[in-house]
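# Remarks on the overall topology
Read off the chains here:
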Amino acid sequence: MATITEEYKKKHPTSLKLYEEAKASMPSGVTHDVRYLTPFPIYMSHGKGPRKWDVDGNEYIGYVMGHGALILGHCHPEIVAEVNKQISIGTHLGFNTKLELRWAKAIQALMPSIEKVRFHSSGTEATLMAFRLARAFTGKSKIIKFINHFHGWHDYVAAAAGKYTSAGIPKKTAETMIMLPAGDIGMVEKQLKKDNDIAAVILEPTGAKGGALPLRPEFLAQLREVTERYGVLLIFDEVVTGFRVSPGGAQEKLNIKPDLTTLGKIVAGGFPGAAVGGKAEILDMTAFRNDPDWNGYSRVAHPGTYNANPMSAAIGSRCLELIASEPINKQADEASVLLKKGLNEVIKSLGVSAFSHGYGALAYMVFGIDYHGDLDICAVPHEQLLKSLNSEALPAFRRAMLNAGVDVMGGHQFILSSTHKKKEIEETADAFEKAVSQMKTEGCL
Ligand SMILES: Cc1ncc(COP(=O)(O)O)c(C=O)c1O
């Protein structure tokens, strides 16, 4: 019988050919680190609903969903209609449009903490702007970030734990970031007590890596209380959780009001777009005043060619309006519950050490650990979960699942949409059984 890698190579000859060609133009043949896979990555061609196809004609049930941007699945008819309408009347009109007001209102309707908003092109820009706003508003320079929490790739957030997650970051930039382990409120308070130059605390509210390293809700409530007491801003990075873990994001689910929220992915309905919103007095740091000193020195500058571009504004608005008016989240959540159940049943029947956890249209795979506790907010210590996340089982799992017709984000994260139905979940469970059996045979587990 062919090994997982042999089968992978056999099924994807055109991807291999493209990879060989692409390497000459783009380092490692990819344009996002997470799209790299050995022995070579797959090149996709098109998608529809929960499914997509690669250049060799292989069909997949997709659990990447545009890196989390597509809660309506691929090519939702209302999104396609919105694209077609807007593309024929202007992709960039070089001034303000009614569309950006529609977009702002659609966000505010779902997230009441957003009193005012400004638009950007990516989640990375949104977290960068949130830091600038926080620093300008408080007059302080440092930001607390939790270890393993991901906020994009600008220099401040790519600096981590005293060493760098990327080359090319100035030491002085890294020194403005304070890294703390997530979940320990005592350490946060100790830091705030001894250092009065801290502007804000940022975090992924359901936990690091899109919720794969979950946080207990009590920690978020304590964080809100302690930041308020020390006059430090709380930034919820809802680039992933926004409009996904509930229509109003993690802040609705947890009933916590951050000072600032960063949004990306779903906010623009699958187009490039992002936003920072929050308290009016903080966002108003970007407002012009009839005062040359303010405009020249104190105001927060905010340019950006593609800010609230008409395509993203129209598509983002439509997507959020659908979330507000239809049971999109409910459908995606139900699929997620079914999926976790299906995966855990297969795990039990195969007798492997593994489990699936998560909530709100996101499910995660963990290998090498037996766990029978809460599967919504899993209580396994983060160090143990990290071992699974860094294990060689994940790329093998991703290849085996691709062979079986399922694409799993990063080999551990299932990102669902309202178009994933019982049929897709059953097919996924069958593919999972095949993939895990193969992994067992090859000694990957
Ligand atoms: C929580 C979080 N914040 C920020 C970002 C950065 O967003 P973008 O990739 O649009 O720059 C991401 C991207 O995955 C993310 O997951």
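Note that the coordinates shown come from a computational prediction; the quantities given were computed from them, not determined experimentally. (Residues numbered from 1 in each chain as written. Predicted model: local features only at pLDDT ≥ 70, side-chain atom pairs only at ≥ 80, totals over all residues.)

Moving on, we get to the sheet that holds strand β17 (residues 413-415). Reading across from one edge, β14-β15-β17 is the order of the three strands in this open sheet, with antiparallel pairing throughout. The open sheet has two free edges, formed respectively by β14 (354-357) and β17, since each of these has just one partner strand. Here the average twist between neighbouring strands, direction ignored, is 15°. Sheet topology places β14 next to strand β15 (residues 362-367); four bridges connect them, and they run antiparallel. By the bridge assignment for β15, phenylalanine 355 is matched with valine 366. (Pairing = 2+ DSSP bridges. Helix = DSSP H or I, 4+ residues; strand = E, 2+ residues; numbered from the N terminus. Axes fitted to C-alpha atoms, helices over the stretch in contact; angles between N-to-C directions.)

Okay, the packing of helix α5 (residues 98-110) against helix α15 (residues 310-325) next. One way to put it is that α5 packs onto α15 with a least axis distance of 8 Å and a crossing angle of 30°. As the angle between them shows, α5 and α15 are arranged roughly parallel. Crossing of α5 over α15 shows left-handed handedness. Counted together, Leu99, Glu100, Arg102, Trp103, Ala106, Ile107, Ala109 and Leu110 of α5 and Pro310, Ala313, Ala314, Gly316, Ser317, Leu320, Glu321, Ile323 and Ala324 of α15 form the full contact between these two elements. Taken together, the residues of the contact of α5 with α15 sort by class into twelve nonpolar, two polar and three charged. (Parallel < 35°, antiparallel > 145°, perpendicular 65-115°, else oblique. Left-handed = near helix turned anticlockwise from the far one by under 90°. Contact = placed C-beta atoms within 7 Å. Nonpolar A, V, L, I, M, F, W, Y, C, P; charged D, E, K, R; others polar.)

Split into domains, the chain comes out as domain 1 (4-74 + 327-441) and domain 2 (77-325). Contacts between domain 1 and domain 2 engage 22 residues on the former and 20 residues on the latter. Put simply, the parts of the chain that give the side of domain 1 that touches domain 2 at least two residues each are α3 (65-68), α16 (328-350), β15 and α17 (382-389). Here the residues of the side of domain 1 that touches domain 2 are counted per class, giving 13 nonpolar, nine polar and no charged. (Domains from an automatic or database assignment.)

In this structure, Ile107, Ala130, Ala134, Val201 and Ile235 are the most contacted members of the largest nonpolar core, which totals 120 residues. No fewer than three residues from each of domain 1 (4-74 + 327-441) and domain 2 (77-325) sit in this core. Contacts of alanine 130, omitting those with residues within four sequence positions, involve Ile202, Ile235, Leu260, Thr262 and Val276. (Core = buried A, V, L, I, M, F, W, Y, C linked by C-beta atoms within 7 Å. Buried ≥ 20, exposed ≤ 12 C-beta atoms within 10 Å, placed from the backbone.)

Take the environment of leucine 338 next. Note on placement: leucine 338 falls in helix α16. Of the residues examined, leucine 338 has 20 C-beta atoms within 10 Å and is grouped as buried. A sequence separation of 91 residues divides leucine 338 from alanine 429, and the C-alpha atoms of the two residues are 9.9 Å apart. What leucine 338 contacts, discounting residues up to four positions off in sequence, is Lys422 and Ile425.

What follows is about the site of the ligand. In the vicinity of the ligand lie 14 residues, with Ser122, Gly123, Thr124, Gly152 and Val239 positioned nearest. Looking at which element gives the most residues to the shell around the ligand, the answer is helix α6 (residues 123-138), with three residues. Per-class residue counts for the shell around the ligand are three nonpolar, nine polar and two charged. (Near = placed C-beta within 6 Å.)

Before going further, it helps to examine the pairing of strand β2 (residues 51-54). With burial as the criterion, only one face of β2 is covered, namely that bearing Lys52 and Asp54; the residues Arg51 and Trp53 on the opposite face remain uncovered. Two elements, strand β1 (residues 44-48) and β2, share four bridges in a ladder whose sense is antiparallel. For lysine 48, the partnering residue across the bridge sits in β2 and is arginine 51. Here β1 folds back onto β2, and the loop between the two strands holds two residues, one of which, glycine 49, carries a positive phi near 60°. Alignment of β2 against strand β3 (residues 59-63), held across three bridges, turns out to be antiparallel. When the sheet's bridge partners are listed, arginine 51 is paired in β3 with isoleucine 61.

Before going further, it helps to examine the sheet that holds strand β16 (residues 406-408). Pairing within the open sheet is mixed, and its four strands lie in the order β1-β2-β3-β16. Across the chains shown, the open sheet's two edge strands, defined by having one partner strand only, are β1 and β16. With direction set aside, neighbouring strand axes in the sheet form an average angle of 35°.

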